Number of protein chains: 2
Amino acid sequence: MKLTRKEFLTLSSGAALSRAFPFASSSLAQDVTGSAVVQKIHKLIETQKEQHISRVQADLRQPSVSSWNMGIQEMADRMVASFRELGCKEADRVETDGFPGVFAFYDAGAPKTVVVYMMYDTQPFEKERWSRDPLAAERGPMGDFEDVIIARGAVNSKGPNRFFLNACQAILEVDGRLPVNVLFTCDGEEEQGSPHFHQVLDPYRERLRRAHCLLDAGPSQQRDGSVSMTLGTKGILEFELEASGERWGRGPQKMPIHSSRKAILDSPVWRLVDALRSMYDPSENRILIDGFYDDIRPPNEEESMLMETLIRKFPERLFTSEKENVHVFMKHWSPEEAARRLTFDTTMNIDGIWGGYTGPGSATILPEKAAAKIDCRLVPNQEIARQKELVLDHLARKGFSDLKLTLIGGGMEWSQTSVEEAIVQAVLAMYRGAGIDPMVWPRSAGSSPQYEYTRKLGLPACGGGLGHGGRAHADDEYIVIEGNDRVAGIVKAEQSVVDILFTYAAYPEAPRKS
Amino acid sequence: MKLTRKEFLTLSSGAALSRAFPFASSSLAQDVTGSAVVQKIHKLIETQKEQHISRVQADLRQPSVSSWNMGIQEMADRMVASFRELGCKEADRVETDGFPGVFAFYDAGAPKTVVVYMMYDTQPFEKERWSRDPLAAERGPMGDFEDVIIARGAVNSKGPNRFFLNACQAILEVDGRLPVNVLFTCDGEEEQGSPHFHQVLDPYRERLRRAHCLLDAGPSQQRDGSVSMTLGTKGILEFELEASGERWGRGPQKMPIHSSRKAILDSPVWRLVDALRSMYDPSENRILIDGFYDDIRPPNEEESMLMETLIRKFPERLFTSEKENVHVFMKHWSPEEAARRLTFDTTMNIDGIWGGYTGPGSATILPEKAAAKIDCRLVPNQEIARQKELVLDHLARKGFSDLKLTLIGGGMEWSQTSVEEAIVQAVLAMYRGAGIDPMVWPRSAGSSPQYEYTRKLGLPACGGGLGHGGRAHADDEYIVIEGNDRVAGIVKAEQSVVDILFTYAAYPEAPRKS
């Protein structure tokens, strides 16, 4: 199979719609995935299913909550061991100023090299909110599904990591080697905003730059079976804002004071409320920080086309996974408008706020400090450093210089990949091969260290895969083990990884964009 | 000793100052406290000192945190047992819709009956902030003092309660009976705002109404030895204000959602911030609720005179106990102005605020709810029910009707007693007898159920006594055991209780005010 890039990108005739979805020819992709080798691998995955599930559970039972410094070291060691088991000659913990990352290289002697990103930390959890122990990784029915695993990290992202490794092991057992070389790059602080991930990449930067793409494989089906693909991410500026009497020089200095003193003392809690309200107008959904919107570039032609295509093709499926927790969008936006806003808008969110007595009943105190965690999602071309300066400028101008702004996480910048890139086309072909017409979002509303690869190393990046999980960052996070007529279970999810790797390997090497 | 009220109130000549301090004649009071009986009682308290301290410690080691439902029942039983030990024929738990109160009657067959108020619950505590176990009641040095007890409730108010009972027991051992009849009325929910204390009083209301005064005896010296007396209290409106997506019908409904959704969803946390800021302007110290100030009556002639006398006589001692935690008053008020504000101003304070993720590190969520605890101190003639309605009116008018306002505590109204009342004069005489020129504040900036006695039962009320404790409501709450040249220790503190009781008993019965 020697195809030119032009042949490979089988464009439907002229219309904007087809430009937005220049899928790889289904028939060509089918030649690859229908081959005897790939079918044998698929079969092996079926027969090894229970073993594969056990491996997923084992990973999930190892806690790795970066916020709590819980189990991260042990999880890093598990990752290293997994890569060695796979046959990576290089597989190392990479020490940083924070938690270690992991690097591994699988050398297939193949012409193409795929970089794979894995995060192996998780969000924290409030155990009492969960229906099952978030560290037990128990199997059981849930909603539409007969068999899921409930655990913190089930879908974000330790489950998907193991799906990928299971798929690779199946390939090896059948074919002896993977169809591409793989550089594994693993982050143990993603939920912290990946503050030290650049240090994980540093020793390998030149090798990574010479790779061909980044693949972030994982179950991407929604509950109704629809598939969402994203071709980029938003950046995130995350910080804590603290008002303290001691720094302010007003109000209680060192400890709470009896609340009757409010008659004569200023309150750091009121100061925080005042400062927060000066930054954002909730009723107008307007960030009130001068210049905050200035660097936003409007969606480009491709992004707009993808967005409008998405809206036209999937008007009913834009927000299916969130219905039970969302009754109405801000300002009563239609789902179509909400889809645009979700993709293209910057945000200012309060993740948490606290101060004073927060227990049951009453405690009449005037607290000496109060704080909030805030995150702002950034779209091209908003950069973290600049937006942070604007926040500081605002605080200074409004007389809130004593408030302490502390960055949380290392700050992840926005990322964007064109739909025309070969790895994107390979993923699209896999979906088409599975009979799925994927929803292609110009970018995710969330953030990831993807920019480390796209913007710092110049690699196109794409994620995708069959399968489903949900409730990431919430209680009862889960991943589907036994699929139904719409959603793939673990077997088809792992098979989709195999398809992507073989399809991408078979494609003509795309010339790197300048 | 048969004296007319006029003889008793030995007024200094003409000036406003003397009108504000119409102290009982020192010489007459000295006749009482210098008597052989009282001196014998004083002596007994000295010899029984260690035994008295042990009783204080025993009470403090019994936790009684009403917010946490911790030990309240046990503490009620301890109170009953203490009153029986004192010889009260009536001594009963009084069940309420909340925690029990306690009522006891000591019948001395005396012409005068004093009502004594005791609260036996305490604030909660954050153990890790304390230098010693807040429930161990250990003795040791602290700051200026060689010997204090550190414990939750040490000064507020389980320590002082036991001082009073120790004093009574000493009187009984020497004289066989107390010089006045005593109706003990005890509250186990004071730190909750005494929501059910009216139920404790209900069965005894007519008997209480026939009593002559309320005495709230307890160590009242500041660290420098100065004495503060208060002739009233502020009322307190305490409530929780909660914004929830479910009630609002907007934002996340049932659980937190990924913070990237802030682009399309409203935030209950921002809504709470918005609502709070609409209620109070921190930079102007202005409560923005229409009508909130309307019912305030300006200080009357006596209150103004007491205030200005206080400021003139004690300009350096107005805020001595708070220096380490307070560097500057609101709007850079002078201590004199702060004293006026503390006494006469209404307030709106945030006791606590919470929502979303408040742990270490990062958790990017859009929370489904957020809440704050607020207390407003009320001055005459602001009434709780009316001020609460004004808050609700404000929320409705500003479009925040979905926010849930939940009253905390039962609401304590303001209280005021005239300096001319006999019980006030008896307490003043005790201070004079101890060589102390007391600071007389027209009212406390804090709140207590005193209004149950003054406004509902028509009794004059006064508190006072030698001794010192501090850090009420904060960590390392303490009470002084071994005094120094300025501050009385436990012995003189208990002796001062004896002096008040005997002096008051000896005074001619004041005609009850209409």
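Everything that follows concerns the structure shown earlier in this document.
Remember, it's a predicted structure, so these values are computed and weren't measured experimentally.

Comments concerning the environment of P134(B)
All names here are of chain B. Mapped onto the elements, P134 comes out in the loop between β3 (113-119) and β4 (138-142). On the accessibility criterion, P134 (0% relative accessible area) is buried. Between the alpha carbons of P134 and G153 there is a distance of 8.8 Å; along the sequence they are 19 residues apart. When near neighbours in sequence (up to four residues on either side) are disregarded, P134 contacts F125, K127, A151 and R152.

Brief notes about unusual backbone geometry
That bond from N156(A) to S157(A) is cis: its omega, 0°, falls within 30 degrees of zero. Note that S157(A) resides in the loop between β5 (145-150) and α7 (158-175). The residue N69(B) is not glycine, and still its phi comes out positive at about 50°. Note that N69(B) resides in the loop between α5 (49-61) and α6 (72-86). The residue K331(B) is not glycine, and still its phi comes out positive at about 55°. Structurally, K331(B) is set in the loop between α12 (301-313) and α13 (335-344). Residue K331(B) is classed as partly exposed on the basis of its relative accessible area, which comes to 38%.

Notes on the interface of chain A and chain B
Put simply, an interface is often sized by how much accessible area is lost when its parts join up. Residue-level contacts link 85 residues of chain A with 85 residues of chain B. Overall, the association of chain A and chain B removes approximately 7,700 Å² of surface from exposure, summing both partners, and the carbon and sulfur fraction of that is 57%. Looking only at chain A, the three residues that lose the most surface to chain B are I264(A), W270(A) and N325(A), adding up to 11% of its buried area. Scanning the region where chain A abuts chain B turns up four salt bridges. E368(B) is the salt-bridge partner of R129(A), the closest N and O atoms lying 3.3 Å from each other. Linking chain A with chain B are 42 residue pairs in polar contact (both at pLDDT 80 or more), by the criterion used here. Sorting the residues of the side of chain A that touches chain B by element identifies β10 (235-244), β11 (257-258), α11 (268-279), α13 (335-344), β14 (349-356), β15 (365-366) and β16 (369-378) of chain A as the ones contributing at least two each. If one sorts the elements of the side of chain A that touches chain B by residue count, β14(A) sits on top with eight residues. Looking at chain direction, β14(A) and strand β14 (residues 349-356) of chain B are connected through five bridges and run antiparallel. Bridging across to β14(B), G352(A) finds its partner in G356(B).

Focus on the sheet that holds strand β21 (residues 469-470) of chain A
Residues and elements named next belong to chain A. Here we have four strands laid out as an open sheet, ordered β4-β5-β22-β21, and antiparallel in their pairing. One side of each edge strand has no neighbouring strand; the edge strands of this open sheet are β4 (138-142) and β21. Sheet topology places β4 next to β5; four bridges connect them, and they run antiparallel. The residue of β5 that forms the bridge with M142 is F145.

A closer look at the pairing of strand β20 (residues 461-464) of chain B
Residues and elements named next belong to chain B. Burial of β20 is two-sided: the residues A461 and G463 facing one way and the residues C462 and G464 facing the other way are all buried. With four bridges connecting them, strand β7 (residues 213-217) and β20 associate as parallel partners. When the sheet's bridge partners are listed, A217 is paired in β20 with G464.

Observations concerning the packing of aromatic side chains
Inspection of the entire model under this criterion finds 24 aromatic pairs over all chains. The interplanar angle of 45° and the centroid separation of 4.7 Å between the aromatic rings of W270(A) and Y280(B) together place this pair among those described as tilted. Remark: Y280(B) occurs in strand β12 (residues 280-281) and W270(A) occurs in helix α11; the pair is interchain, linking two chains. Neither W270(A) nor Y280(B) differs from the other in exposure class; each is buried. Over the ring of Y504(A) we find K112(A), and its NZ or CZ is 4.8 Å from the ring centre.

Details of the sheet that holds strand β21 (residues 469-470) of chain B
Residue and element names in this part refer to chain B. Taken in spatial order, the four strands line up as β4-β5-β22-β21 in an open sheet, and their pairing is antiparallel. The outermost strands of the open sheet, each flanked by one partner alone, are β4 and β21. Bridge count between strand β5 (residues 145-150) and strand β22 (residues 478-482): four bridges; the pairing is antiparallel. Looking across to β22, one finds that D147 is bridged to E482. Against the sheet, α5 touches β4, β5 and β22, its axis set at about 35° to β5.

Here's the deal with the side chain of Q221(B)
All names here are of chain B. Looking at where Q221 falls in the secondary structure, it is placed in the loop between β7 and β8 (228-230). On the basis of relative accessible area, Q221 is assigned to the buried category, the value being 4%. A polar contact of 3.1 Å, which involves the side chain of Q221, links it to the backbone oxygen of R486. Excluding residues that lie within four positions of it along the chain, Q221 makes contacts with S226, V227, I436, G465, L466, G467, H468, R486, V487 and A488.

Considerations on the relation of the copies chain A and chain B
Taken as rigid bodies, chain A and chain B are interconverted by a rotation of 180° and an axial shift of 0.0 Å, the fit giving an RMSD of 0.1 Å. Look at the turn and shift together and you get a two-fold axis relating the two. Using C-alpha coordinates, one finds that chain A approaches the rotation axis most closely at W354(A), a distance of 2.2 Å. The share of interface residues of chain A whose copies in chain B are also at the interface is 100%, consistent with both copies meeting through the same surface.

So, the nonpolar core
Counting 104 residues, the largest nonpolar core has L241(A), L276(A), L241(B) and L276(B) as the members making the most contacts within it. Look past the residues within four positions of L241(B) in its chain and what remains in contact with it is L272(B), L276(B), M279(B), A370(B), A371(B), A372(B), I374(B), L395(B), L403(B), K404(B) and L405(B). Counting 80 residues, the second largest nonpolar core, distinct from the first, contains L44(A), I481(A), Y504(A) and A506(A).

Looking at the pattern of salt bridges
Two side chains that carry opposite charge are able to pair once their charged atoms sit near each other. All names here are of chain A. Taken as a whole and assessed by the stated rule, the structure comprises 74 salt bridges over all chains. Across the pair E95 and R93 runs a salt bridge whose closest N-O atoms are separated by 3.0 Å. Note on R93: relative accessible area 28%, which makes it partly exposed. Bridged by salt links that share partners, the residues E308, E337, R340, R341 and D345 form one connected network.

A word on the packing of helix α4 (residues 36-47) of chain B against helix α7 (residues 158-175) of chain B
Residue and element names in this part refer to chain B. Running from N to C, α4 and α7 point in directions that differ by 125°, and their axes come no closer than 9 Å. Relative to α7, the element α4 is oriented oblique. Relative to α7, the crossing made by α4 is right-handed. Counted together, V37, K40, I41, L44 and I45 of α4 and A167, A170, I171, E173, V174 and D175 of α7 form the full contact between these two elements. Broken down by class, the residue content of the contact of α4 with α7 amounts to eight nonpolar, no polar and three charged.

Conventions used here
Residues numbered from 1 in each chain as written. Chains lettered and ligands numbered in written order. Predicted model: local features only at pLDDT ≥ 70, side-chain atom pairs only at ≥ 80, totals over all residues. Heavy atoms only, no water. Helix = DSSP H or I, 4+ residues; strand = E, 2+ residues; numbered from the N terminus. Buried < 20%, exposed > 50% of the residue type's maximum accessible area, 1.4 Å probe, protein only. Contact = heavy atoms within 4.5 Å. Buried area = accessible area lost by both parts, 1.4 Å probe. Salt bridge = Lys/Arg side-chain N within 4 Å of Asp/Glu carboxyl O. Polar contact = N/O pair within 3.5 Å; in protein donor to acceptor, adjacent residues only side chain to side chain. Pairing = 2+ DSSP bridges. Phe/Tyr/Trp six-rings, centres within 6.5 Å; stacked < 30°, edge-to-face > 60°. Lys NZ or Arg CZ within 6 Å of the ring centre and 35° of its normal. Axes fitted to C-alpha atoms, helices over the stretch in contact; angles between N-to-C directions. Least-squares fit on C-alpha atoms with pLDDT ≥ 70 in both. Core = buried A, V, L, I, M, F, W, Y, C linked by side-chain atoms within 4.5 Å. Parallel < 35°, antiparallel > 145°, perpendicular 65-115°, else oblique. Left-handed = near helix turned anticlockwise from the far one by under 90°. Nonpolar A, V, L, I, M, F, W, Y, C, P; charged D, E, K, R; others polar.

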